[in-house]
Structures are given as C-alpha cells and as structure tokens.
Amino acid sequence: MTSVPTQAHRGARNTVRLRLDGWTVAAALVAALPAVPILSLALTALGGSFGGWSELAAYVLPAAIRDSAILLAGVGLFAAVVGCGAAWLVTAYDFRGRRSLEWMLLLPLAIPTYVAAYAWLDLTHPLGPLQSGLRALLGFTSPRQFRLPDIRGMGGAILLLGLVLYPYVYLTVRATFLAQSATLIEAARTLGVARRDVFRRVALPLARPALALGVSLALMEALNDIGASEFLGVKTITVSVYSTWVTRNDLPGAAQIALAMLLFVTALVFVERWGRRGQRYAASARNARPTRPMRLTGWRGVAAFAVGFTPVLLGFLAPATHIAVQAVKRLDFAGLSGSIIREVLNTVAVATFATVVIVALGAVAAYAARLRPAGAAPLLARVASLGYAVPGTVVVIGLIGPVAALDRGFAAAGGWLGVATGLVMIGSGAALILAYAVRFLAIGVGGAEAGLARTPLALDGAARTLGDTPFAALRRIHLPLARGSIAAAAILVFVDVMKELPATLLIRPLNFETLATHLYAEAARGTYEDGAVAALIIVAVGVLPVILLSRIGTTAAKS
Amino acid sequence: MQAPAVRLEAVTKLFDGRAVVDEVSLDVASREILSLVGASGCGKSTLLRLVSGLERPDGGAVSLAGEVVAGPSVFVEPERRGVGFIFQDYALFPHLTVARNVRYGLQGLSAREAADVADDMLERVGLKEFGQRYPHMLSGGEQQRVALARALAPKPRVLLLDEPFSNLDRRLGETVRTRTLALIRELGAAAILVTHDPQEAMASGDRVALMRRGRLVQIGRPEDLYDRPASREAADFFAAATPVPGRRVDGHIETRLGRFRAPDRVADGGEVAVYLRAPHVALTAPGEGVEARLVGMSFVGDGYEFLLQVDGLDEPIRARSVGRNDAKIGDVLHICVRPDDQLIFPVGL
C-alpha cells in the first residue's frame, strides 16, 4: 500500500463526520432510561382530558401541594438543625463515646420512612408499650385517664421523617467540618470572633454547600415517601398521585399531578444549586491542619453524649428495638411463615437482578464518558443520572406508557403467531427492573465514575498500545482497579432497591409481594402479623450501607 | 527503497478549534531514533499520541511502514498498530505483578511462550529477579525499566517514548537513557523520543525535530541544529547562546560589542540578533575590547564559566576562563567577541 503524496494533504482537513461509535450509542441507550419516562410523562399529562385538569386543580392539587410544601419545609428545617448540630457536636468537641456516636448517628439511614412510621405508630399506640409503660409508671389504669397526643398528622410526619432523614445532612456537613482548616478558625478568632460564635460565623457559612446538598437529598427522600405520609394521614402530592391512579383509575390525572411533582423536584434542584452558589472555596482548605476538638469532661461530656445520642435513640434504637421484639414474638408464636420466606426470595431476586443491571449500565455510561470525553457521552452520563431526583411514583407513571406500548407490541406479535402473551413487560417483572434502573442508575454511574477517576488516563493508553480493545481494557484494567467503588455502589443499589416502596407497589407483577409491599399492606390494613419480621429484615440489611458509609467517612478523615 | 517506519503528512490536530499540531510532516526511517523536542505545550506529546492512535488527527495522514493508519477515510485503532508506548509516569498496571505487566501485550502467544518472552525482556533490562513484585515496590528507575520491557515485549515496529526520563534525577536519568537507547537499537525498532530537554534530545537522537506552537521548526542531525539553527527559535532553544541586538550598516553589523562583517542574508539597515556562545567570547588585556562586569561564575572542571554583564545589554553573556582564574564577582574584565555567521538572524520579519 502506498502513501499519498504530501502535497495532497496540505491544508486539507479530514471531514468531520458524525461518528456513531458503539460506546456513544450504548451511553445514549442508558441515558434513554430516565429520559423516555420523563418525556412520556409530559406527553401523558398534556394528552389527558383537560376536563379533568380543572377538577384536580380545584379539589386535589391545592391541598396536596400545600401539605407537601409544609412537610418538606418542616422536614428540611428539622433535618438541617439536627444534622448540623450533631455534626458540630462530634467534630468541635471530644468526649467519652464520641467515636461511637460518630457512626451511630448514621444508623437512622437504615430505617426506611415507612418502617419508621410503622414502628412508631405501634410503639405509641394507646395500648402500645410506650403509653402502657408510662401509665404504669404514673399509676393510671386506663388509656382514658392518660394518653399522649396522637403522632398522626403533620407534626408527627415532620418529626418522624426528620428523625430518619437528618443523617443525609449530618453526613455531608460533617465531612466539611472535618476538612475545615484550623487556620481559618484561628484567623477568625484573632479577628475578634468569640469561641461560641465560631460555629455561626465561620464553620456554618463554610459548610453551606454541604448543607444545601444534604437537605436536598433528605427532601428528595421525603418527596419520594409514600408509606409514612399515608399511615400518618398526610395527603401529600405523592399520595395524591398514587390514589388518583390506583383508586380513581385516572392515569392522565395522576400524570398531571406527577408533572407538578416533577416541577417540585426541579425547584428543589435549583434551590440546591442556589444554596451552593459561588462555592468553590470549601475545597481550598485541603491539606490544611485539621481543627482540634475541644475536650469535654465530667458532666459536660455526659451531657454532650446524651444530646448526641437522642437522635440515634429516637431515629434508630427505639423503632429498631420495637421491631425486633415484635418480630421475635411473632416468630415464637407462628414460626417463619411460608409467605415471608417467599417474599424474602422475591426481594433478593429482584434486588440482585436490578443491582446487576444497574451496575453494568452505570459502568457502560461512565466508561463511555471516559473514552469519548469530547463527544456527547459525558452529557449522556449526566442524563442517565437524572432519575435519582425523580420520585418513584413519577418514574412509574412515566414508564407506564412506554411499557404498555411494548406489551401491546408483544401482544400483537403474539397474536400474529397465535400465542397469547399476556402483559410481558409487567408480568415478567421487567417493567419493575426498568423502574429501579431509572431511579437508581445515578448510583451505578457514580460508583463507576468514582472508581474510574482514580485510574490515570495513561493506563488506558498503555493497555490500548499493548493490544487491548476498549472493552478488553475495561475488563483487564478498569474492572479490577475499580472493584471497590463498584462493589460499594452495588451494595447501595441493592439496599435501595430492597427498601424502595412506591415504584414496587405500582408496577410489580400481579400478586408479587416483596418485604416492602408486605409491610405496606399490613400497615395499611392496620394488622401487625408478619409485618415486624419483614421490617426487621429490611432494617438489618439496611444497616450494611451504613457500615460502609461510616468506614468511608473514617478513611476520608484519616487521609 | 524501504518505506519509512513512520511518515506524517500535514498532520493536524485541533483542540477547541485551536491547532495544537499544525500540518506537521516528517519521516522516521526504520531503526532510526528521532528526538522530538520543544517547550511544554508545543504539541510534541500530542504528535506522539497521533502516531500511536490514542488521538485521531483532524487533518493529514499517518503511515506506519508504508501503510496508512490514519487519514481522511482511514483510522486504525491503537491496538492494531503495533506501536509501543512508554508514558511519562510509566503507567504500570498497579494490580499486576511486574511479570504480568510485561506479558500484558503478548496475548497471541501461549502462556509458556509469553512467560519466556517476558523473562527474556526482564533479563535484558536487568530485572530478572523482580517478576513477582508489584510496581509500587520498585524505585522510579526500576519502574521505567519495567515500562520499557513491557513496551518492547510484543516486538513493536515503532517505540514511542513520552518524556521517559524526566521523573528520574539527572544522573540516574542519563544511565537509564544510555541503556534504554542501546536496547532499542539492539532490538532494531524505530523510536520517537519526546523530551523538553535540548541536551537530552541531541544526546539521544540520530536526528532531532524541534517543534514550536504545533509546528515543526527544524529537523536534522543534532550537529546541524546546533551549528546551523534555521531560525531564531531554533537558536533560542539549542542555545547556550545569548542574543545580542545589532544593526547592519554598510556591510557590517554594529553592536555594543563591536563591528563584524555581515553575512549576505541580512540587508543593510535591518535589525539583527547575534547569538553568542561561550567559545565566541575571549578575555583580553585591559584597554582592549569591551568592558564587562563579572556577575556570576560557576566552576566547570577545567576552568570557570563566567556570566558577564555589558552596559546596554539586557542579558549577561557567557565566557570561559582560560585555566584557573582568581577573578571575583564584581570585577571588571575585558572581552572581545567573534560571532559565528550562522548565528546571526534578522529580527522583526
């Protein structure tokens, strides 16, 4: 083969063609997962009869929006105060038990909102252990003589959600407090800031981006919640979507409310951005000498521990212990029922399958962005991560259109072949896996990105020049090196899928029960049979990522 | 005639619309070692990545051994080009042992053959006993040798080296460089060595190519670039030379340091830059030549190198003392200069 003479090339530019390479196409397919339901939701909402819009607007939406706004504001405030306070307590002060408290404060993360509501409702029932105990203590004999105020209602909902969601704020803010340089605080002291004002005037303003991030994560969870709000009788916008669809069988109406919810989420994301505005400076204090905590001894130390322990007690220990006691009673009485075993298997099966799918898709999207940093792939990886902010109910309403269309397609194909297919997508659980993928892809993408980011780009070059295709380099270099990050992401996905309630309720195959849906059904009926056992399993597995997070926290603090 | 190992024809690479490699054409003969030198950001590393296929050119063509591997309608992926690449920080795979690193590119061979080749390569770079260690257990020089063994194990036609000695201290770097070049020659690969160090470029390459702002400034044998730089940029780079401003008047060049015969390529009335090297400067008896104040001196073995500040010049010029010298900083010496015609360049064109 001869080469072309030099003159022919002078001044010539190789034509810019749209190179549709496999990795970008794969990343686009992954990004379509969240993009398609969101677009479909908009279409369903706009295509619905607008006769229904006014009725909804008049009777459902205003109250639902008001309740959701109050709930979110309350939960946000509660989580911010408790989360920041706890973070400051364990970073600015040193006292007996501080190290244990550091990780224990994360424990409420293990309790899904609906489990917390389920446990507390039972715990504070007029005939439940808390009130009976108090009455015995105070010498009353009947609930009519003494009863605590009912936790059902807006106040109880804010308290309960706040108690299990504050760790998001604690986690992000504590990391910033740990990274804050002592010199900044010392500079403030020499400029006339009293020790008691350091928190308000230096530490907290510096932690504003972390606070914004933590609160927005907590609020996304609060907005996603369906069980707790419903059990506690708060008709949030999420509950309205569910009841409009399931009870009133009005899909376009549900889509319209869901669209309003999507606007809520968008507003939340913008508020978070605004909360972080102009914030690059938090990272400037890297490699700086960390702040030395102030030592508290004697009763001050005990008091500090007691204050820090309160959210752990109310957010984790009390509900978890109650669940454990109830579960043991139930197991003593009835043994492990067949239905629970079946539900555990169902839960593990869908969670495992979804985890494998999500981690693999996340790796594809993240690796495509690494291979083609100049193309569309990095943007596609961001699009793929969108679903994390979208509540499960909204995801499902968006998915139902495309999934139904696919099922019609299968049915038509089946009819043509003379086979009755039924609802392939929903019946097989494929639609459920899709919904999980949309919602939790961000974790898969993020985990793979974190793992890949630690590998220098030169390693890719070395592998390629030594004869590896991009896929071979992924298999031989990146997967072994990113193993830890991907495994961590897999655990988070697994636990999140296992806990996920709204999407599972709405799009699971007929008569397919998981631990979460079982618990929901019993709590909704007001029966407490195997519910405690299901709740205990969910909480026990939910502790896994907490251990993981606390380990990441300590290694980050060490390095 | 045998096709060149590497041929670049008007190769262009754009980043954000800016040409970081701008219509570069050059050939590397088989078994030739070419030094590619230039300041950081001049595009030399990008050129190496274009040859390896780690980047796609936006214009022009790349051929390896006569076969077009990148051009208007052709792009051969790096894994199919048969080039070896040594990265600045070596890019050893941290999760694999030294032996596994060296075997990495030997996928076509049986396990037995691959192990034999890897053992042979490790022996050649003097790391026979290191096969079971992991990269983080090795020193910088040892890591560099593993990278060399790994890149050469698949017997590449062309070896590309991106600043491979810059992370080693100077003395170790020179030793490793000598051994590396000897091994490349022994195995008969063509090589392109990227460096920012003119000394290293001239010491290593059969030929040297100088790049500046994405363009090829000059290419030739080391002595050609040193003796006859084609432009002020080349003279600046391979210097050890101080530019002195001057002007051509009546067939002579007038400078602060005296009058010289002008080379024909400079027109009357034109501004020039006269590049002076230490051998062009002689110390003279007081009363002769030009006065210069001694501002720096460094001992270079058989004498001193002086830095001499002449009134009216921005930069001090260099001179060598004859034998030992008892001059002290601040002394006023006298100098006489005799510039090299090849180092006089017109200014402002």
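Predicted, not measured: the structure shown is a model, and the values here were computed from it.

1. A word on the overall build of chain A
And step 1. When helices and strands are counted, chain A shows 26 helices and two strands.
And step 2. Relative to the globule expectation of 24 Å for 559 residues, the C-alpha radius of gyration of chain A, 26 Å, shows essentially globular dimensions.
And step 3. Looking at chain A as a whole, 45% of its 559 residues qualify as buried.
And step 4. A separation threshold of at least 6 residues defines the contact pool for chain A, and within that pool the share at least 24 residues apart is 84%.

2. Section: the overall build of chain B
And step 1. A count of helices and strands for chain B gives eight helices and 21 strands.
And step 2. Counting across all 349 residues of chain B, residues that qualify as buried make up 45%.
And step 3. Across chain B, contacts joining residues at least 24 apart in sequence account for 64% of those joining residues at least 6 apart.

3. Some remarks on the confidence of the model for chain A
Predicted coordinates in areas of low pLDDT are best not read in detail.
Residues and elements named next belong to chain A.
And step 1. This prediction gives chain A a mean pLDDT of 84; 90% of its residues lie at or above 70.
And step 2. In the model, residues 1-12 has pLDDT below 50 throughout and makes 23 contacts with residues more than four positions away in sequence or in other chains.
And step 3. For the stretch residues 281-286, pLDDT sits under 50, and the model shows seven contacts to residues farther than four places along the chain or on other chains.

4. Some remarks on the sheet that holds strand β1 (residues 6-15) of chain B
Residues and elements named next belong to chain B.
And step 1. Pairing is antiparallel across the open sheet formed by five strands, whose spatial order is β2-β1-β4-β5-β6. Since the sheet does not close on itself, it has two edges, and those belong to β2 (18-28) and β6 (74-75), each with one partner.
And step 2. Across the sheet, helix α1 (residues 44-52) touches β1, β2 and β4 (59-64), and the angle it forms with β2 is around 65 degrees.

5. Some words on the sheet that holds strand β8 (residues 158-162) of chain B
Residue and element names in this part refer to chain B.
And step 1. Ordered in space as β7-β8-β9-β3-β10-β11, the six strands form an open sheet in which the pairing is mixed. Either end of the sheet is taken by a strand with one partner, and the two such strands are β7 (83-86) and β11 (215-220). Averaged over all pairs of adjacent strands, the angle between their axes in this sheet comes to 15 degrees, without regard to strand direction.

6. What to know about helix α6 (residues 113-123) of chain A
And step 1. Burial within α6(A) is extensive, with 10 of its 11 residues counted as buried.
And step 2. Of the residues making up α6(A), those classed as buried are A:T113, A:Y114, A:V115, A:A116, A:A117, A:Y118, A:A119, A:W120, A:L121 and A:D122.

7. What about the interface of chain B and chain A?
And step 1. Residue-level contacts link 32 residues of chain B with 25 residues of chain A.
And step 2. Class assignment for the residues of the side of chain B that touches chain A results in 14 nonpolar, 11 polar and seven charged.

8. Some thoughts on the environment of B:L109
Residues and elements named next belong to chain B.
And step 1. Locating L109 in the fold gives a position in the loop between α2 (98-103) and α3 (111-124).
And step 2. In this structure L109 comes out as partly exposed when scored by C-beta crowding, with 16 C-beta atoms within 10 Å.
And step 3. It is 9.8 Å that separates the C-alpha atoms of L109 and P154, two residues lying 45 residues apart in sequence.
And step 4. Contact partners of L109, with chain neighbours within four places excluded, come to A114 and V117.

9. Focus on the UniProt feature "domain: ABC transmembrane type-1" (unreviewed entry) in chain A
And step 1. UniProt records the feature "domain: ABC transmembrane type-1" (unreviewed entry) for residues 65-272 and 344-549 of chain A in the present numbering.
And step 2. End C-alpha atoms of residues 344-549 of chain A are separated by 25 Å, and the span's content is 80% helix alongside 0% strand.

10. Observations concerning the domain arrangement of chain B
And step 1. Along its sequence, chain B is carved into domain 1 (6-234) and domain 2 (240-346).
And step 2. With centres defined by C-alpha atoms, the gap from domain 1 of chain B to domain 2 of chain B works out at 39 Å.

11. Section: the environment of A:T247
Residues and elements named next belong to chain A.
And step 1. Mapped onto the elements of the fold, T247 is located in the loop between α13 (237-246) and α14 (251-275).
And step 2. Under the C-beta neighbour-count criterion, T247 is labelled exposed, with 8 such atoms within 10 Å.
And step 3. Linking T247 and A360, residues 113 residues apart in sequence, is a C-alpha distance of 37 Å.

12. What to know about the packing of helix α2 (residues 22-47) of chain A against helix α16 (residues 338-371) of chain A
Residues and elements named next belong to chain A.
And step 1. At a minimum axis separation of 9 Å, α2 and α16 run at an interaxial angle of 135 degrees. Relative to α16, the element α2 is oriented oblique. As α2 packs across α16, the resulting crossing turns out to be left-handed. Here W23, T24, A26, A27, V30 and A31 of α2 come into contact with α16, specifically with L361, V364, A365, A368, A369 and L371.

13. Looking at the UniProt feature "domain: ABC transporter" (unreviewed entry) in chain B
And step 1. The feature "domain: ABC transporter" (unreviewed entry), as annotated in UniProt, sits at residues 6-238 of chain B in this numbering.
And step 2. The span residues 6-238 of chain B is 34% helical and 28% strand by assignment, and the distance between its end C-alpha atoms comes to 25 Å.

14. Description of the packing of α2(A) against helix α20 (residues 430-453) of chain A
How two helices pack is summed up by the angle between their axes together with the distance between the axes.
Residue and element names in this part refer to chain A.
And step 1. Interaxial distance between α2 and α20 falls to 9 Å at its minimum, and their mutual angle equals 125 degrees. When the axes of α2 and α20 are compared, the pair comes out oblique. Here α2 runs over α20; the crossing is left-handed. The segment α2 lies against α20, with L33, P34 and P37 engaging A437, V438 and L441.

15. Quick notes on the domain arrangement of chain A
Residue and element names in this part refer to chain A.
And step 1. Domains assigned within chain A are domain 1 (22-39 + 338-529) and domain 2 (60-131 + 148-333).
And step 2. On a C-alpha basis, the centres of domain 1 and domain 2 stand 27 Å from each other.
And step 3. Taken together, the 15 residues of domain 1 in the interface contact 23 residues of domain 2.
And step 4. Of all elements in the fold, only α18 (392-417) and α25 (515-525) reach the threshold of two or more residues within the side of domain 1 that touches domain 2.

16. Here we look at the pairing of β1(B)
Residue and element names in this part refer to chain B.
And step 1. For β1, the tally of buried residues reaches eight of 10 residues, placing the bulk of the element in the interior.
And step 2. With seven bridges joining them, β1 and β2 adopt antiparallel strand pairing. Residue pairing across strands places L14 opposite A19, the latter belonging to β2.
And step 3. Connecting β1 to the antiparallel partner β2 that follows it, the hairpin turn spans two residues, and D16 within it adopts a positive phi of roughly 50 degrees.
And step 4. Direction of pairing for β1 relative to β4: antiparallel, over a ladder of five bridges. The residue bridging V6 from the neighbouring strand is L64, located in β4.

17. Comments concerning unusual backbone geometry
Residue and element names in this part refer to chain B.
And step 1. The backbone of R31 sits at a positive phi, close to 65 degrees, despite the residue not being glycine.
And step 2. Looking at where R31 falls in the secondary structure, it is placed in the loop between β2 and β3 (33-37).
And step 3. Although it is not a glycine, E163 adopts a positive phi angle of roughly 45 degrees.
And step 4. With respect to the element layout, E163 can be found in the loop between β8 and α5 (170-187).

18. Side note on the pairing of β4(B)
Residue and element names in this part refer to chain B.
And step 1. Within β4, six of the six residues are buried, which leaves it mostly tucked inside the rest of the structure.
And step 2. The sheet contact formed by β4 and strand β5 (residues 67-71) spans three bridges and is antiparallel. Opposite V62, over in β5, you have A70 as the bridge partner.
And step 3. Between the antiparallel neighbours β4 and β5 lie two residues, among them A65 with a positive phi of about 50 degrees.

19. Examining the environment of B:E55
Residues and elements named next belong to chain B.
And step 1. Relative to the assigned elements, E55 resides in the loop between α1 and β4.
And step 2. For E55, a count of 20 C-beta atoms within 10 Å puts it in the buried group.
And step 3. The spacing of E55 and P78 is 23 residues in sequence and 9.0 Å in space, taken between C-alpha atoms.
And step 4. Apart from residues lying up to four places away in sequence, E55 is in contact with K13, T46, R49 and L50.

20. Overview of the confidence of the model for chain B
And step 1. Residues of chain B with pLDDT of at least 70 account for 98%, and the chain-wide mean is 89.
And step 2. Predicted complex metrics record ipTM = 0.82 and pTM = 0.81.

Definitions and limits used
Residues numbered from 1 in each chain as written. Chains lettered and ligands numbered in written order. Predicted model: local features only at pLDDT ≥ 70, side-chain atom pairs only at ≥ 80, totals over all residues. Helix = DSSP H or I, 4+ residues; strand = E, 2+ residues; numbered from the N terminus. Rg over C-alpha atoms; globule rule 2.2 N^0.38 Å. Buried ≥ 20, exposed ≤ 12 C-beta atoms within 10 Å, placed from the backbone. Contact = placed C-beta atoms within 7 Å. pLDDT = per-residue confidence, 0-100. Pairing = 2+ DSSP bridges. Axes fitted to C-alpha atoms, helices over the stretch in contact; angles between N-to-C directions. Nonpolar A, V, L, I, M, F, W, Y, C, P; charged D, E, K, R; others polar. UniProt positions renumbered as here; feature names shortened; annotations may be inferred. Domains from an automatic or database assignment. Parallel < 35°, antiparallel > 145°, perpendicular 65-115°, else oblique. Left-handed = near helix turned anticlockwise from the far one by under 90°.

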